[in-house]
Amino acid sequence: MNVLVATDGSKYGRWGLNWVAKLPFVERPCVMALHVLDVGALRAPFLAQPVMAGNERYIQEEIQRMETRSAQIITDTKKQLAALQLKGTVRKEQGAVAPVILKRAPKRDGLLVAGSQGLDALDRFMLGSVSTNLIHHATCPVLVVKDEAAPLRRITLATDGSDASAKALAFVLTKFQPDRLSGKGGRVPIYVSVIHVMARRSLAPFTITPTIPWIQQRELKVKEVGRKLVEQSAQKLIEAGFTAEPLCQSGNPADKIMKAASKQHADLIVMGAKGLGAIDRFLLGSVSTRVVQYSSCSVLVVR
């Protein structure tokens, strides 16, 4: 599988390569580590707009500083790639960060890895707001890294019956090995919590007068569909060798997904990029953006 890792020299960029080395891929990944130098985004201190004429000396000094740092990033990334024994190359390009990454990203059967934050807290030079851009526009799955890599032990998989969530399940089943090495030299199954969240607004206006029998029947039917969905997904995972548990909840989808991941001490949240509803994006549409922004663990968004 082809994997593109965006790196800017921050710890989040370095963590991205570590994640690729730690994930239990079925197929050994072929990695391209991409560093994008965006000279056009150069800004003077405390200025909201790009530097104009009159600051040529400052601009040249800053460009030189960026070029020097960029060269060091390339050197460090090559060393990291070798130390992790990853097969791949390191590439440097110039231009606007997100468009360049999207241009080089695998089209579909691959993975794009980016950190949740970059070096510059003021304008998020590379991997901050850029990561949101990538999950919206990349045609391949995107892993947004939020913490240091560790052996994958627990996954929270969000599903709502949409094509995107079905692809998220398929990614786990086909790209990941179902077990990991244990501390005693053996292998233990990876645990997957499969969660389906029914947004309360999806039941409105039926929840206004819940004592009416047909309304109660409608609500029970919705819950039953959700229960069957997670049970079927969990069964597929179990048959593949994972340990899986179905979980149905109601409430705010993003909050429930993140709370479930926190309670289960998940290392990774896996979810689709779009949900069933085009209007309210019932589960996995705008919800994926919120989860990427606020989750404490890394998030894999599949489309």
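Structural data are supplied above this passage.
Residue numbering note: each chain is counted from 1, following its sequence as written. It should be noted that, the model being predicted, local features are given only for residues of pLDDT at least 70 and side-chain atom pairs only at 80 or more, the latter also being counted only at that level, while totals for whole chains, interfaces and linings use all residues. Values shown for side chains rest on all heavy atoms present in the structure; no hydrogens or waters enter the calculation.

## Quick word on the overall build of the chain
Logical step 1: Secondary structure follows DSSP: runs of H or I at least 4 residues long count as helices, runs of E at least 2 residues long count as strands, and numbering of each begins at the N terminus. Scanning the chain from terminus to terminus reveals 8 helices and 12 strands.
Logical step 2: Residue burial is assigned from relative accessible area. The probe radius is 1.4 Å, only protein chains are included, and a residue is buried under 20% of its type maximum, exposed over 50%, and partly exposed in between. When burial is assessed residue by residue, the chain has 47% of its 303 residues classed as buried.
Logical step 3: Residue pairs at least 24 apart in sequence account for 79% of intrachain contacts in the chain once pairs closer than 6 positions are excluded.
Logical step 4: Computed by Shrake-Rupley with a 1.4 Å probe, the accessible areas treat only the displayed protein chains as cover when residues are assessed. In the form shown here, the chain has an accessible surface area of approximately 15300 Å², with 53% of it arising from carbon and sulfur atoms. Any two residues having at least one pair of non-hydrogen atoms within 4.5 Å are treated as being in contact.

## Focus on the sheet that holds strand S10 (residues 243-250)
Logical step 1: We call two strands paired when DSSP finds no fewer than two bridges between them. Taken in spatial order, the 10 strands make up an open sheet running S3-S2-S1-S4-S5-S12-S11-S6-S9-S10, and their pairing is mixed. A single partner strand is all that each edge strand has here, and the edge strands are strand S3 (87-94) and S10. Direction aside, the axes of adjacent strands within the sheet are offset by 20 degrees on average.
Logical step 2: The pairing of strand S2 (residues 30-37) with S3 spans 8 bridges and is classified as parallel. Angles run from 0 to 180 degrees between N-to-C directions of axes, and those axes are lines fitted to C-alpha atoms, restricted for helices to the stretch in contact.

## Examining the pairing of strand S4 (residues 110-115)
Logical step 1: Extensive coverage of S4 is indicated by the burial of 6 of its 6 residues.
Logical step 2: Across 4 bridges, strand S1 (residues 2-6) lies against S4 in parallel orientation. Bridging across to S4, Asn2 finds its partner in Gly110.
Logical step 3: Relative to strand S5 (residues 142-145), S4 is paired through 4 bridges, and the arrangement is parallel. Among the inter-strand pairings, Val113 is bridged to a residue of S5, identified as Leu143.

## Brief notes about helix H8 (residues 286-294)
Logical step 1: All of the buried residues along H8 are Val287, Ser288, Thr289, Val291 and Val292.
Logical step 2: In this fold, the buried residues of H8 make contact with helix H4 (129-137), S5, helix H7 (253-263), strand S11 (268-272) and strand S12 (298-302).

## Details of the pattern of salt bridges
Logical step 1: Any Lys or Arg side-chain nitrogen found within 4 Å of a carboxyl oxygen on Asp or Glu counts as a salt bridge. Under the criterion given, the structure shown has 10 salt bridges.
Logical step 2: For the salt bridge of Glu67 with Lys92, the shortest nitrogen-to-oxygen distance reads 3.0 Å. Remark: Lys92 occurs in strand S3 and Glu67 occurs in helix H2 (residues 56-83); sequence separation between them is 25 residues.
Logical step 3: The exposure class of Glu67 is partly exposed, given its relative accessible area of 26%.
Logical step 4: In this structure, Asp179 and Arg187 form a salt bridge, with 3.0 Å as the shortest nitrogen-oxygen distance.
Logical step 5: It is possible to trace a salt-bridge network through shared partners that takes in Arg91, Glu93 and Arg104.

## Considerations on helix H1 (residues 11-22)
Logical step 1: Here a helix's expected span is defined as the number of its residues, less one, multiplied by 1.5 Å. Between its terminal C-alpha atoms H1 stretches 16 Å, which fits the 16 Å expected from 12 residues at 1.5 Å a residue.
Logical step 2: Among the residues of H1, those classed as buried are Tyr12, Gly13, Trp15, Gly16, Leu17, Asn18, Trp19 and Val20.

## Comments concerning the pairing of S5
Logical step 1: The alternating pattern of S5 places Val142 and Val144 and Leu143 and Val145 on opposite faces, both of which are buried.
Logical step 2: Both S5 and S12 contribute to a ladder of 3 bridges, which runs antiparallel. In the sheet register, Leu143 faces S12, and the bridge partner there is Leu300.

## Describing unusual backbone geometry
Logical step 1: Phi is positive for Gln85, close to 60 degrees, though the residue is something other than glycine.
Logical step 2: Relative to the assigned elements, Gln85 resides in the loop between H2 and S3.
Logical step 3: Unusually for a residue other than glycine, His265 sits at a positive phi of about 55 degrees.
Logical step 4: By the element assignment, His265 lies in the loop between H7 and S11.

## A word on the environment of Arg303
Logical step 1: With respect to the element layout, Arg303 can be found in the segment after S12.
Logical step 2: For the pair Arg303 and Val142, spaced 161 residues apart in sequence, the C-alpha to C-alpha distance is 8.7 Å.
Logical step 3: Residues contacting Arg303, with those up to four places away along its chain left out, are Ile135, His136, His137, Ala138, Thr139, Cys140, Lys167, Ala273 and Lys274.
Logical step 4: For Arg303, the side chain forms a polar contact with the main-chain oxygen of Ala138, separated by 2.7 Å. Between N or O atoms, a polar contact is any pair within 3.5 Å; within protein, one atom must be a potential hydrogen donor and the other a potential acceptor, and residues adjacent in sequence are included only when both atoms are from side chains.

## Some remarks on the side chain of Gln80
Logical step 1: Mapped onto the elements of the fold, Gln80 is located in helix H2.
Logical step 2: Engagement of the side chain of Gln80 in a polar contact is seen with the backbone oxygen of Arg14, the distance being 2.8 Å.
Logical step 3: A distance of 3.0 Å separates a polar atom in the side chain of Gln80 from a polar atom in the side chain of Asn18.

## Some details on the environment of Ser250
Logical step 1: Mapping Ser250 onto the fold places it in strand S10.
Logical step 2: Along the sequence, Ser250 and His196 sit 54 residues apart, while their C-alpha atoms lie 8.3 Å from each other.

## Digging into the packing of aromatic side chains
Logical step 1: Only Phe, Tyr and Trp rings take part, Trp by its six-membered ring, and two of them pair if their centres are within 6.5 Å. Stacked means planes under 30 degrees apart, edge-to-face means over 60, and tilted covers everything else. Using the criterion set out here, one finds 3 aromatic pairs in the structure.
Logical step 2: Among the aromatic residues, those joined into a cluster by ring pairs are Phe25, Phe171 and Phe176.
Logical step 3: Charge-over-ring contacts are defined here by two conditions on Lys NZ or Arg CZ: a distance within 6 Å of the ring centre and an angle within 35 degrees of the ring normal. Residue placement shows Arg154 over the ring face of Tyr191; its charged tip is 4.8 Å from the ring centre.

These figures come from the coordinates and say nothing about function on their own.
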